[in-house]
Amino acid sequence: MYDEKIYSMINEIAKDLKDDCIKFIQRLIKTPSISGDEQKLADIIVAEMEALGYDDVSRDKYGNVIGIIKGDEEGPTIMYNSHMDHVAPGDVSNWEGYDPYGGKIDICECDNADRTAKEMVECIHGRGASDVKSGHGFQIYAGAILLKLRQQGVKLRGDFMYTGVVH
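Predicted model only: the values in this text are computed from it and were never measured. In this numbering scheme, every chain counts its residues from 1 along its sequence in written order. Only residues with pLDDT of at least 70 get local features here, since the model is predicted, and only at 80 or more are side-chain atom pairs given and counted; chain-wide, interface and lining totals rely on the full set of residues. Where side-chain values are given, they derive from all heavy atoms of the structure, hydrogens and water being excluded.

Colleague: Explain the sheet that holds strand β3 (residues 78–83) here, please?
Modeller: The strands making up a sheet are joined through hydrogen bonds of the backbone, oriented either antiparallel or parallel. Across the sheet, four strands lie side by side as β1-β2-β6-β3; this open sheet has mixed pairing. Each end of this open sheet is capped by a strand with a single partner; those strands are β1 (56–59) and β3. Ignoring strand direction, the axes of neighbouring strands in this sheet form an average angle of 15°. In short, DSSP must find at least two bridges between two strands for them to pair. Secondary structure follows DSSP: runs of H or I at least 4 residues long count as helices, runs of E at least 2 residues long count as strands, and numbering of each begins at the N terminus. Two strands pair when backbone bridges link them, and β3 and strand β6 (residues 160–165) are joined in this way by six bridges, in the parallel orientation. Within β6, the residue paired with Asn81 across the bridge is Thr163. Contacts were defined at the residue level, with two residues in contact if any of their heavy atoms lie within 4.5 Å. Axis definition: a line fitted to C-alpha atoms, over the contacting stretch in the case of helices. Angles run 0 to 180 degrees between N-to-C directions. Here helix α2 (residues 39–52) sits on the sheet and contacts β1, β2 (65–69) and β6; the angle it forms with β1, its principal contact strand, is near 165°.

Colleague: Explain the pairing of β6 here, please?
Modeller: If a strand is regular, its side chains alternate between the two faces of the sheet. For β2 and β6, the ladder comprises five bridges, and the chain directions are antiparallel. Within β6, the position partnered with Ile68 by the bridge is Met161.

Colleague: Explanation requested: the packing of helix α1 (residues 4–29) against α2 in the structure shown.
Modeller: Two quantities define a packed helix pair, namely the angle between the helix axes and the distance between the axes. Where α1 meets α2, the closest approach of the two axes is 10 Å, and the angle between their N-to-C directions is 160°. When the axis of α1 is compared with that of α2, the two are roughly antiparallel. Remark: the crossing between α1 and α2 carries right-handed chirality. For the pair α1 and α2, the contacting residues are Phe24, Arg27 and Leu28 in the first and Leu41, Ile44, Ile45 and Glu48 in the second. Each residue is assigned to one of three groups, with Ala, Val, Leu, Ile, Met, Phe, Trp, Tyr, Cys and Pro labelled nonpolar, Asp, Glu, Lys and Arg labelled charged, and all others, Gly among them, labelled polar. Residues that form the contact of α1 with α2 fall into these classes: five nonpolar, no polar and two charged. Reported orientations rely on four angle classes, namely roughly parallel under 35 degrees, roughly antiparallel over 145, roughly perpendicular from 65 to 115, and oblique for the rest. Note on convention: the crossing is left-handed when the near helix lies turned anticlockwise from the far helix by less than a right angle, right-handed when the turn is clockwise.

Colleague: Teacher, can you tell me more about the packing of aromatic side chains here?
Modeller: What characterises a pair of aromatic rings is the spacing of the ring centres plus the angle enclosed by the ring planes. A pair of Phe, Tyr and Trp rings is counted when the ring centres sit within 6.5 Å of each other, with Trp represented by its six-membered ring. The angle between the planes then sorts it: under 30 degrees is stacked, over 60 is edge-to-face, the rest tilted. For the structure shown, the criterion picks out three aromatic pairs. For the pair Tyr54 and Phe160, a centre-to-centre distance of 6.3 Å together with 65° between the ring planes defines the contact as edge-to-face. Remark: Phe160 occurs in strand β6 and Tyr54 occurs in the loop between α2 and β1; sequence separation between them is 106 residues. For every residue, the accessible area obtained with a 1.4 Å probe (protein chains only) is divided by the maximum for its type, and the residue is called buried under 20%, exposed over 50%, and partly exposed between those limits. By relative accessible area, Tyr54 is classed as buried at 7%.

Colleague: Can you help me understand the pattern of salt bridges in this one?
Modeller: Just to be clear on terms, a salt bridge is a Lys or Arg side-chain nitrogen sitting within 4 Å of an Asp or Glu carboxyl oxygen. Summed over the entire model, instances satisfying the criterion amount to five salt bridges. The salt bridge partner of Glu12 is Lys15, with a shortest N-O separation of 3.6 Å. Note that Glu12 and Lys15 are positioned in helix α1 at a spacing of three residues, about one turn of the helix. On the accessibility criterion, Glu12 (41% relative accessible area) is partly exposed. Using a relative accessible area of 58% as the deciding quantity, one classes Lys15 as exposed. With a closest N to O distance of 2.8 Å, Asp111 and Lys118 form a salt bridge. Asp111 gets classed as partly exposed once you look at its relative accessible area, which sits at 41%. A residue is classified by how much of its surface remains accessible, and Lys118, at 53% relative accessible area, is exposed.

Colleague: Teacher, can you tell me more about the side chain of His136 here?
Modeller: Assignment of secondary structure puts His136 in helix α3 (residues 129–151). As used in this structure description, the phrase polar contact means that two N or O atoms lie within 3.5 Å; if the pair is within protein, one of them must be able to donate a hydrogen and the other to accept it, and residues adjacent in sequence are counted only when both atoms belong to side chains. Here the side chain of His136 touches Tyr162 through a polar contact of 2.4 Å, side chain to side chain. Ignoring sequence-local partners within four residues, the contact set of His136 consists of Leu28, Ile45, Ser82, His83, Met84, Tyr162 and Gly164.

Here it is in structure tokens:
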């Protein structure tokens, strides 16, 4: 059921966390993580979840990362999942002047949501920015929003789980 108060709380928390989330995404983009060599990225992800206050943060024997926020009440577990590897950046001259591991933010022209017009929006550049390092950041910070809601007295039903997988 839609609750306007909770919706407002989520939006306020998201605004407060936006800059930290973007800086985290930039750190992820600046960290090469070719398939089979994801440990440095996993270390950053683990440290961020621990700093944010996830209830349980662990790795399995393969190097996959798991973060859990435990609900206050029984309910389903919702899992967000992203792969930690990316393909090689290829020929740097194809990056149109951007460092593939730079995480630079600038303004770009893009299609609007319904593809009826162009608009100028902030874009982050780098290998894995859209597949899927930005996804890691937003998924992990979705958990941070839940933690802030819990701190404000909101009861969470079910668990939240994030997994970052290798290969």
